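# Observations on the model geometry
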Amino acid sequence: METASPEPSLDAAARASVTIGRSADELRALWLRPETQSRIWADFADVTADDDGSAEWTARGPAGGEYRWRTAAQDADATTVRWSSLDGADIANTGVLTFRPAPGDRGTEAHLDVRFDPPGGVVGEAVSKLFHIVPREIVSKALYRFRALTTTGVIPTTDPQPAARNGGTDK
């Protein structure tokens, strides 16, 4: 008797690290501010965070598709922030942000690990392709934006700075 083998997981994990010239306490406090999440993940999703550590996420896909989930903060300590998506998420995910002293008294190393687990099978493959999930890029960009926010107070962008040609429009 043949049994169907389980569908392979489309699990996509990524890790990024950066050194920031601030204390772990300062970085953790900034990360946990509700407005920070919407700013650092802006290229990936719209995030509406609450003071309790939970957040609503909406990521846009091609052709107007939207993928939604809610995350909740998990128990953590002074050097770690953890979250995971709740049941019913269009794309299940978990994340861990860890702060460690940087060598040479240069501040703090921030290590961000995120795992996306879209549904399996054909639907999951379609979501991954449509969503263009490139976890490493998503995580690296979020951490880069966080570092910029902590060091300058703003996240650099070229939007809406049109080209200087023809009054800002290309013809």
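The structure this text deals with has already been given above.
A brief look at the structure comes next. (Residues numbered from 1 in each chain as written. Predicted model: local features only at pLDDT ≥ 70, side-chain atom pairs only at ≥ 80, totals over all residues. Heavy atoms only, no water.)

## A closer look at the environment of Ser17
- Inspection of the secondary structure assignment puts Ser17 in strand S1 (residues 12–20).
- Counting along the chain gives 127 residues from Ser17 to Tyr144, while the straight-line C-alpha distance between them is 9.1 Å.
- When near neighbours in sequence (up to four residues on either side) are disregarded, Ser17 contacts Ala110, His111 and Leu143.
- Of the polar contacts made by the side chain of Ser17, one reaches the side chain of His111; its length is 2.6 Å. (Helix = DSSP H or I, 4+ residues; strand = E, 2+ residues; numbered from the N terminus. Contact = heavy atoms within 4.5 Å. Polar contact = N/O pair within 3.5 Å; in protein donor to acceptor, adjacent residues only side chain to side chain.)

## So, the environment of Val139
- Mapped onto the elements of the fold, Val139 is located in helix H4 (residues 135–152).
- Classification of Val139 as buried rests on a relative accessible area of 0%.
- Spatially, the C-alpha atom of Val139 lies 8.8 Å from that of Trp41, the residues being 98 residues apart in sequence. (Buried < 20%, exposed > 50% of the residue type's maximum accessible area, 1.4 Å probe, protein only.)

## Regarding the environment of Arg70
- If you trace the backbone, Arg70 turns up in strand S4 (residues 66–74).
- Judged by its relative accessible area of 26%, Arg70 falls in the partly exposed class.
- Expressed as a C-alpha distance, the spacing of Arg70 and Ala92, which sit 22 residues apart in the sequence, is 9.3 Å.
- Filtering out sequence-adjacent residues up to four positions away, Arg70 remains in contact with Asp50, Ser54, Ala55, Glu56, Ser84, Ser85 and Leu86.
- A polar atom in the side chain of Arg70 sits 2.8 Å from the side chain of Ser54.

## Notes on the pairing of strand S7 (residues 108–117)
- Note: S1 against S7, nine bridges, orientation antiparallel. If you follow Ala12 over to S7, its bridge partner there is Phe116.
- Taken together, the ten bridges between strand S6 (residues 92–101) and S7 define a ladder with antiparallel strand orientation. Paired with Pro101 across the strands is Thr108, a residue of S7.
- Counted along the chain from S6 to the antiparallel partner S7, the turn is six residues long, and its residue Gly104 has a positive phi close to 70°. (Pairing = 2+ DSSP bridges.)

## Focus: the pairing of strand S3 (residues 55–60)
- The pairing of strand S2 (residues 46–49) with S3 spans four bridges and is antiparallel. The partner of Ala49 across the bridge, within S3, is Ala55.
- Inspection of the sheet shows S3 paired to S4 by six bridges, in the antiparallel sense. Paired with Thr58 across the strands is Arg68, a residue of S4.

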